Structures are given as structure tokens and as C-alpha cells.
Amino acid sequence: MSKWTRTHTFVAGMVLILATNTVALLGVVYNRGEAESTLKLTERELHLPYGWGLDQENSGITLELKWRTLWRQSRIVILGAACWLDKTKLMALGFDVSIPEDTPHGRMYYDKLLPKEVLLVLEFDGSAYGSSLARMKRYMQEEEALLKSNPGKKEFVDRAKNAKQAFYQEQRINSRLFVIDAGLDAASLRARYSDRHRYAIVRGQIKPGLDEINHKPKLTAYIDGISISQINVPAVYRQIFEPLQQSARTNRYDAAVSPYKVTVAFGKRLEPWITEATGSK
């Protein structure tokens, strides 16, 4: 029997690395066949990650998908909370939610439930965004009406100002990309959301939990994240995003950010990549 040497170890390591890279490359090629869906997004839905450009050693550029959800109340923002994520939906997603939540055992059970990977439906500039915009408009109108009933009072002046700013933010700045549904079968979801230029199906995680409503525990759930939320920018489009380095350093994304448009394709493995990007003229 031949003796195992450092050379053998080196060769085995190189073979393993080559095999791993080959598998990864084949996965990319398979994913980037015919696109499953294509969304044309803007700087509102795709941000340079906060702090990008501070690390001079990192020459790559990525854009981060900014998604939102509709909650029961427009003025309360709970990251990942969605009004459609109820008990029935959780059951359909394979969660055991048979244990009453208003018991000590129920509290412990739901607190310990782990997130589960499911398929999520992303909707761009559709009914969910329309509902959010309408909510903010009503909020602004309500505060303006209160100001008319209380002219000159600082509290109501400030409230009306804040509501107007919130409506402007919703109109011009906030992301129009919403997670609107979840499921376990891509074909079933695509049958329900057939427009491949408005709806994308991605992988993500859902986490059940408990909220206190009227001093009682209420079963709810949150979207814990999208499996792939950062997208590499191809070198050919790098010049569009390099001038935005200073904006990224300020940790702000407001009306001062230069506009850009990015076409994102989602492949057979539901993984995104950029097919086109244009900056402001």
C-alpha cells in the first residue's frame, strides 16, 4: 500500500475545490437558462448596501432587494409582518398550529418554533403597493382635517406635516416590492400569479410567533427573510453605481439618490441576476 503524502493531500484538495466550483458553475448555468420571471426595478427596490465603499479591499458591487409587507395598520411598521399570514396559511405551509397559544405550553411551543423555508411571491407595483399608498393618503387627509379643526396648534401642525411627509415618502421613495403570498409548490403559485413581469417567486423563510393583542397572546407569523436578497452587479454596469459611493456612506436613501433602473431575472432555481442596468441621463 502506497504511503499517503502531502502531495496526495494537495492533489485531493485541488480536486475537491475543482469539483465544488464545477458544481456551482453548473448550478449558475442551469439557473440562467430561460428566466422564470423578470422584474424591472429601480433605486427604490434595489439599494447599495449601507456602508458600501468603506471597504476599499472589496471591489465587488452588490444591490440589495428591498421588500415590504402589508400589515393590519398603516402607521405601525413591523418588519416582515403580513396581514395574510394567518393560522390557515401557516397550516397550509406545514406548520403545526394546533396547540392553543393562550396556555403556558402554547407560549413555549411557539417561541421555540424554528423558521421554515417556503416559496414567497414578490409583487412589484401592484395592488399591495396601491393599498399602502391609499392608506397613507387617508392618513394625510385625516391629519389635515384635524389641523383645520385645530388651527394654529403646534401638535396638529406637526402631525399634519409628518403625515404629508409619510405620503410623499410612499409616493416617491419607498419600495413598491411587496411579499404578498407564500406556498410550497411553485407551479401552483405561478398559476395564481401568472404575470411574470409583475410577480416573481423566490425562496424565503417564515417564522411563527406570538403577539400581544388586547393583553392576550395571538398567533402570528413573520417573513424572516428572502434566501437571496443581494445581487452582484456585472462589471459592465459598474460605472453606473460607482458614483453613488458617497450616498451609500451617508446611510440614507432619499430623493437625492440618483435614479437608476435595473432589470432582474429570476431563473429556474428562483435565484436572481441582473440582465440590464441604466443610470440617470
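Notes on the structure in this doc start here. Note that the structure is a prediction, hence the values are computed from the model and not measured.

In spatial order, the strands read β5-β4-β6-β7; together these four strands make up an open sheet with antiparallel pairing. Two strands close off the open sheet at either side, each with one partner strand: β5 (177-183) and β7 (216-226). Taking the axes of each pair of neighbouring strands and ignoring which way they run, one obtains an average angle of 45° across the sheet. Across ten bridges, the pairing between strand β6 (residues 199-213) and β7 is antiparallel. Bridge pairing in β7 places Glu-212 opposite Pro-217. Sheet strands in contact with helix α4 (residues 127-149) are β4 (116-124) and β5, and its direction is about 125° off that of β5.

A full pass over the atoms with the stated rule returns three aromatic pairs. Seen from their ring centres, Tyr-193 and Tyr-199 are 5.2 Å apart, and the 50° between their planes marks the pair as tilted. One exposure class covers both Tyr-193 and Tyr-199, and it is buried. Considering the side-chain rings of Phe-241 and Tyr-260, the 5.0 Å spacing of their centres and the 80° angle between planes classify their relative orientation as edge-to-face. Of the two residues, Phe-241 is situated in helix α7 (residues 238-241) and Tyr-260 in strand β9 (residues 260-266); the sequence distance between them amounts to 19 residues.

Moving on to the pattern of salt bridges. Scanning the entire structure with this criterion turns up twelve salt bridges. The salt bridge partner of Glu-45 is Arg-176, with a shortest N-O separation of 3.0 Å. Here Glu-45 is found in the loop between β1 (37-42) and β2 (46-47), whereas its partner Arg-176 is found in the loop between α5 (154-172) and β5, with 131 residues between them in sequence. Classification of Glu-45 as buried rests on a relative accessible area of 0%. Within the structure, one salt-bridge network assembled from shared partners comprises Glu-36, Arg-190 and Arg-196.

What follows is about the sheet that holds β2. Spatially, β2-β3-β8 is the arrangement adopted by the three strands of the open sheet, whose pairing is antiparallel. Two strands close off the open sheet at either side, each with one partner strand: β2 and β8 (230-232). The sheet contact formed by β2 and strand β3 (residues 62-65) spans two bridges and is antiparallel. When the sheet's bridge partners are listed, Leu-46 is paired in β3 with Leu-65.

The rules we used
- Starting afresh in each chain, residues are numbered from 1 along the sequence in its written order.
- At least 70 in pLDDT is required for a residue's local features to be given in this predicted model, at least 80 for side-chain atom pairs to be given and counted, and no such filter applies to totals for whole chains, interfaces and linings, which use all residues.
- Each side-chain value is derived from all of the structure's non-hydrogen atoms; neither hydrogens nor water enter the calculation.
- Criterion used throughout: strands pair if DSSP finds at least two bridges between them.
- Counting from the N terminus, the helices are the DSSP runs of H or I reaching at least four residues and the strands are the DSSP runs of E reaching at least two.
- Note on geometry: axes are C-alpha line fits, over the in-contact stretch for helices, and angles between N-to-C directions span 0 to 180 degrees.
- Any two residues whose heavy atoms approach within 4.5 Å at even a single point are treated as in contact.
- Whether two aromatic rings pair depends on their centres lying within 6.5 Å, for rings of Phe, Tyr and Trp, where Trp uses its six-membered ring; planes under 30 degrees apart make the pair stacked, over 60 edge-to-face, and the rest tilted.
- Burial status follows relative accessibility: with a 1.4 Å probe on protein chains alone, a residue under 20% of its type maximum counts as buried, one over 50% as exposed, and anything between as partly exposed.
- What counts as a salt bridge is simple: a side-chain nitrogen of Lys or Arg found within 4 Å of a carboxyl oxygen of Asp or Glu.

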